[in-house]
Amino acid sequence: MGKYIAKRLALAVVTLFIILSLTFILMKLLPFEMPPGTDREVFSYFENQVYLGYVTRFEEETSGYGRLLWSYRFEGAKSTYYYYQTPVMLQYFYWLKNIVTEWNWGVSRSILPNVSAITIIMMRLPTSMYLNIISVIVSVPLGIGLGIVAALNKNKPVDHFISTFVMIFISIPSFILITFSIWIFAYQLQWLPSQWAQPTDPDELKALSFIIPVFALSFGSVCGYCRFVRAELCEVMESEYLLLARTKGLTKRQAILRHALRNAMVPIVPAILSEFIGILGGSTILERLYAINGIGGLFYDALQWKDYNVLFVDMALFTTISLVAGVFLDLSYGLIDPRIRMGAKK
Amino acid sequence: MENEEKNIQNPVIETAEGMNFDDIEFTEYDFELRHQKAGEKIHDEKFQTKPTTFVKDAFRRFCKNKASVVGGVIIGVLLLSSFLSFLSPYDITTPAADIAKLMPKLFDAGTGWWDGTQEFYNKIYDEETKSPYGVKMDHVVPGTLVVNEERQYYSSPNEYAKGGYYRVLADTVLGKGKDVIFFNSYRKFNAKASDELKITFVLGDEDGVDGKRIAEDCTLYIVGKDALYNDVRLKLYEAGKVPGNHDVDVSAKMTEAGFTTIEEAQYRFEFTTFEDVAAYILIESVNATCGESASAKVKTTLEGISFNDANWVAYNTTTEKYPESYWQSNGIRLVYKAYAHLCSYRYDQYKAILGERDDVKIGWSLIDSYIKKGWCEMSNKNDVSTFKLTHPESDECPIRSLSKLDPVGASGVYQYEGIVLYYRYKGYSAMPKFVFGTDASGYDMLTLSLSSLKNSLFLAIITSAICLVIGLVWGSVSGYFGGNVDLFMERITDILSGVPWIVVMTLVMLLLGRNFITFGIAICLTGWIGTSSRTRTQFYRFKGREYVLASRTLGASDARLIFRHILPNGLGTIVTGSVLMIPSTIFSEATISYLGLGLQGTSSFGVLLSENQINLRTRPALIVWPSIIISLLMISFNLFGNGLRDALNPTLKGGEQ
């Protein structure tokens, strides 16, 4: 088992490395964007890029390095600095070196000029995390509860109602749910704020502004869990060991609680666990539509502001989260369900 | 069937008990060759039951699932209508700002629902025109105008407000304890005691919400020059801060004081400011009158300084419509508590914008083109009264009447004013009904939605087909051959599927531009992975089965095993997955549009939704209807996909007869 875990983790790290390398090279192939601001600020940005190795500085115009990015001459200085882009593959090696030696992921170009991308991510992370934690706390019990109710009332009106509801809401795209809840609850009924509360707003408004995002985030997973639990529990309910339990004299309640539910939960728990890793990520669409300053909104902002460094680090975070969640999901199947031997041969 | 075959292949020779075969001699005549019988051939017996094919059986089972059939029908209707969207009479290529953001209309105005009218609340009611402020009563749906009795107060002069008080406020420059004077310096008049001069003024008494207070004293004087040209200052009335009507008989007061005439007379109100706060007086109205004997000049002067509507005076003074204020003061003059009523009404946008309008400028060439069509006549281009409709009873001519001619410049360019039937002017044969309203560019939302849906569906179907092919080949090879081939191929899909799709899309759109083909490439880049892994799973499931082994033993080739034995069994799941990829592609496209990386130059559903997001508050119909269409499509695809999966599952074949 330990060997298998190590193997899976190593594989995930290699995959991550390849993905990030490819993404980095592709991002560097995008046209260079000039940073905004005064000459002084631009100069400090360029010097930082030179330090990191992404831009090369010459004291005279040079050919063979592509387009001249920028030139600058200090007042009273003897020579002018000419900045050119370092060849992409060299940039790639410098990038690896920077990360390995000093964990330096570069600085922002335009969102918060000359601030490290990691710092920006860290600033934006808490909001997304709060939202995700709350929505997991809301959606897991609700989804499982609905699923159990549906399964125990299989083919009765309650089940039909829940199943239809789940089927409809699992099909509707999330951005439509968000749009409709903003339209109905914020604009029509005016019960809830139409966007995320600012830090200066009163606490009551802050609390209210959690409702739509949490609803939007948890609705999909409530439906997902409900469908999953219903399917699992229905299968378990028809199994022979449950019949045996009933024959032994257990009441229906005891049989369900002690035998059916426990077994039905086996495939569901890993899904919940991996969702906790997803807490670190943010929903891009939701955060854009509801003006939330989170990690997903950062993706949109970085795209709008053409801040490719921040965009890259945000992408790297999303990729890492999805990979780690995948590994975790696989591993926890084996840990929770003893019947599954992970990595076993045929 | 199989038994019959056996019977024919191994016919049982029935022999009598105890007979010895050696004893019997067979000659060739003992046998008859059945084939040689004229015209007779041996055949397997035909099926008595109706034969069925896989497709027919699947279709029959699909039809049993009512929900899926409904889903399929909805998809069909949406597909058909989106491909027929070019038949729509409404243009969605040239922007028309004049008909932008119209309300949805399905029924005639006055139905109260979905009729192109818009409900307005708390709008200002104009008592002059007896209609909501700035709105023609014609454009208000009859019977929907409700005027609130409650007054809405304004403390600055307004075009639409009424009444209130003229508030004469001590200037800050004036200092404390000084007199503030309100007087008609521009309109001095010759006051004769014989002219029955009277003045009535109405005062208000209210401390201001801004902390300023009503003055304790308010005294009315008449000042001027007497016969010897000495200054006269005659106190007429001391009102104090008593509110209400104050009548003063000026002639009587003058006679009492011994004046017959005061020349260059003016009325003046005086009051003193407080030590600590600024003081003011509130004058609701002033009514200065004189008898019949007074000269016309005096009469007009007194009329000019009388006012009943403080707001009107204040407003017209500030906007310079009232060239000189008849009343002057050395303090600040403002209006206080001018009021307006609020009202609610339904506004008929279609009638206002597309109905008969009088604010459209008409050029001669347009009139000329209508004359050539025989819709109207106009014998003299310089005389609007010669304009005549050919068929006044029909609405064929967009110009209903001409009222005014404005020569523009000297070069004989003419511009006319008149009443224009706007929907005819725009080229519609009847009042259009935009069922979903129009968007910010004046496009019919229904046509636009359907045509965007067409593009989105087209894109989604093409990409799904491509992904199906790639995924099928990749998954089959990887699943069938297994081993190192599988290991290597799986690593590639691992890496590709490890990148979140949004990252892939963003990168491709940034690198290659935002067009139709790029988007297709971006989707296909990772879209096939789902199909491939489903195919691979199916291959792993079936390739070890006995029937495959049996076929292999009989010498079947790899291709035969793949295409005849394994693939048909897994096809249901694989095809269903590909069908469900269509809505998810539409979803991806919409998501990427919300990020501002949507398709450029092609109307697609995602672009449509994300562009109209900003209109959510003011024109919800623009986002609600397309949302409903896409949700309906998604739900239908899900239902359809589920039905398809069951129908294509060969293990359920022939079941549930």
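Note that the coordinates shown come from a computational prediction; the quantities given were computed from them, not determined experimentally. (Residues numbered from 1 in each chain as written. Chains lettered and ligands numbered in written order. Predicted model: local features only at pLDDT ≥ 70, side-chain atom pairs only at ≥ 80, totals over all residues. Heavy atoms only, no water.)

Caption draft 1: Up close: the overall build of chain A. Scanning chain A from N- to C-terminus turns up 14 helices and three strands. Expected size for 346 residues packed as a compact globule is a radius of gyration near 20 Å; at 26 Å, chain A overshoots this value by more than 25%. When the backbone C-alpha atoms are referred to their principal axes, chain A occupies close to 95 × 60 × 30 Å. Residues counted as buried form 47% of the 346 residues belonging to chain A. (Helix = DSSP H or I, 4+ residues; strand = E, 2+ residues; numbered from the N terminus. Rg over C-alpha atoms; globule rule 2.2 N^0.38 Å. Buried < 20%, exposed > 50% of the residue type's maximum accessible area, 1.4 Å probe, protein only.)

Caption draft 2: Structural detail: the confidence of the model for chain B. Residues and elements named next belong to chain B. For chain B, the average pLDDT comes to 82, and 91% of its residues sit at 70 or higher. Long-range and interchain partners of residues 1-12, a stretch whose pLDDT sits below 50, account for four contacts in this model, where long-range means more than four residues apart. Interface scoring of the predicted complex returns ipTM 0.82; its pTM is 0.75. (pLDDT = per-residue confidence, 0-100. Contact = heavy atoms within 4.5 Å.)

Caption draft 3: Representation of the packing of aromatic side chains in the model. On inspection of all chains with the given rule, the structure shows 57 aromatic pairs over all chains. Pairing B:W114 with B:W625 gives two aromatic rings, centres 5.0 Å apart and planes at 15 degrees, and the pair type is stacked. With B:W114 in the loop between α3 (66-83) and β1 (117-126) and B:W625 in helix α17 (residues 621-648), this residue pair connects regions lying 511 residues apart in the sequence. Their ring planes at 85 degrees and their centres at 6.4 Å tell us that B:Y480 and B:F539 sit as a pair that is edge-to-face. Of the two residues, B:Y480 sits in helix α10 (residues 445-481) while B:F539 sits in helix α13 (residues 516-542), which places them 59 residues apart along the sequence. Just as B:Y480 is buried, B:F539 falls in that class too. By the ring-pair criterion, three or more aromatic residues cluster together here, those being A:F24, A:Y54, A:Y92, A:F93, A:W95, A:W103, A:W105 and A:F312. Across from the ring centre of B:Y280, 4.3 Å away, lies the NZ or CZ of B:R167, which sits over that ring. Lying across the ring of B:Y422, B:R357 places its NZ or CZ 4.2 Å from the centre. (Phe/Tyr/Trp six-rings, centres within 6.5 Å; stacked < 30°, edge-to-face > 60°. Lys NZ or Arg CZ within 6 Å of the ring centre and 35° of its normal.)

Caption draft 4: Spatial organisation of the packing of helix α11 (residues 483-498) of chain B against α13(B). All names here are of chain B. Running from N to C, α11 and α13 cross one another at 145 degrees; their axes reach a closest spacing of 10 Å. Relative to α13, the crossing made by α11 is left-handed. Within the contact between the two elements, α11 uses D486, E490, T493, L496 and S497 and α13 uses L525, T526, W528, I529, S532, R536 and Y540. Broken down by class, the residue content of the contact of α11 with α13 amounts to five nonpolar, four polar and three charged. (Axes fitted to C-alpha atoms, helices over the stretch in contact; angles between N-to-C directions. Left-handed = near helix turned anticlockwise from the far one by under 90°. Nonpolar A, V, L, I, M, F, W, Y, C, P; charged D, E, K, R; others polar.)

Caption draft 5: How the structure looks around the pairing of strand β5 (residues 179-183) of chain B. All names here are of chain B. Counting buried residues in β5 gives four out of five residues, a clear majority hidden from the surface. As judged from the five bridges shared by β5 and strand β12 (residues 261-272), these two strands associate in the antiparallel manner. If you follow I181 over to β12, its bridge partner there is E270. Bridge count for β5 against strand β14 (residues 328-329) is two bridges, and the pairing is antiparallel. (Pairing = 2+ DSSP bridges.)

Caption draft 6: Layout of the domain arrangement of chain A. Residue and element names in this part refer to chain A. As far as domains go, chain A holds domain 1 (34-108) and domain 2 (119-336). Here the C-alpha centroids of domain 1 and domain 2 sit 44 Å apart. Carbon and sulfur atoms supply 61% of the area buried between domain 1 and domain 2, which totals about 470 Å² over both sides. Contact with domain 2 buries area across many residues of domain 1, yet W95, W105 and S108 alone supply 79% of it, more than any other trio. Applying the counting criterion to the domain 1 and domain 2 interface returns zero salt bridges. (Domains from an automatic or database assignment. Buried area = accessible area lost by both parts, 1.4 Å probe. Salt bridge = Lys/Arg side-chain N within 4 Å of Asp/Glu carboxyl O.)

Caption draft 7: Empty space enclosed by the protein, seen in detail. Residues and elements named next belong to chain A. This model, assessed by the stated rule, comprises three cavities of 30 Å³ or more. Roughly 250 Å³ of volume is contained in the largest cavity. Around the largest cavity sit 18 residues that line it, and K28, F32, Y45, Y308 and N309 are the ones nearest its centre. If you list the elements that add at least two residues to the lining of the largest cavity, you get α1 (2-28), α2 (39-52) and α14 (308-336). Grouping the amino acids of the lining of the largest cavity by side-chain chemistry returns nine nonpolar, four polar and five charged. Viewed by domain, the lining of the largest cavity spans two of them, domain 1 (34-108) and domain 2 (119-336), each represented by three or more residues. Taken as a whole, the second largest cavity holds about 60 Å³ of empty space. (1 Å grid on protein atoms, 1.4 Å probe; cavity = no way out; pocket = protein on both sides within 12 Å on 5 of 7 lines; lining within 4 Å. Points joined across faces, edges and corners; volume = space filled by probe spheres on them.)

Caption draft 8: Focus on unusual backbone geometry. Residues and elements named next belong to chain B. Of note in the backbone geometry, N122 takes a positive phi value of approximately 50 degrees without being a glycine. By the element assignment, N122 lies in strand β1. Residues other than glycine seldom take positive phi values, yet K337 does so here, at roughly 55 degrees. Looking at where K337 falls in the secondary structure, it is placed in the loop between β15 (332-336) and β16 (338-348).

Caption draft 9: Structural context of the packing of α1(A) against helix α3 (residues 88-102) of chain A. Residues and elements named next belong to chain A. Two elements in contact, α1 and α3, have axes whose closest approach is 10 Å; the angle formed by their N-to-C orientations is 135 degrees. Overall, the two elements α1 and α3 adopt an arrangement that is oblique. In the crossing of α1 with α3, the sense of the turn from one axis to the other is right-handed. Side by side, α1 and α3 meet where F17, L20, S21, F24, I25 and K28 of the first sit next to V88, M89, Q91, Y92, W95 and L96 of the second. (Parallel < 35°, antiparallel > 145°, perpendicular 65-115°, else oblique.)

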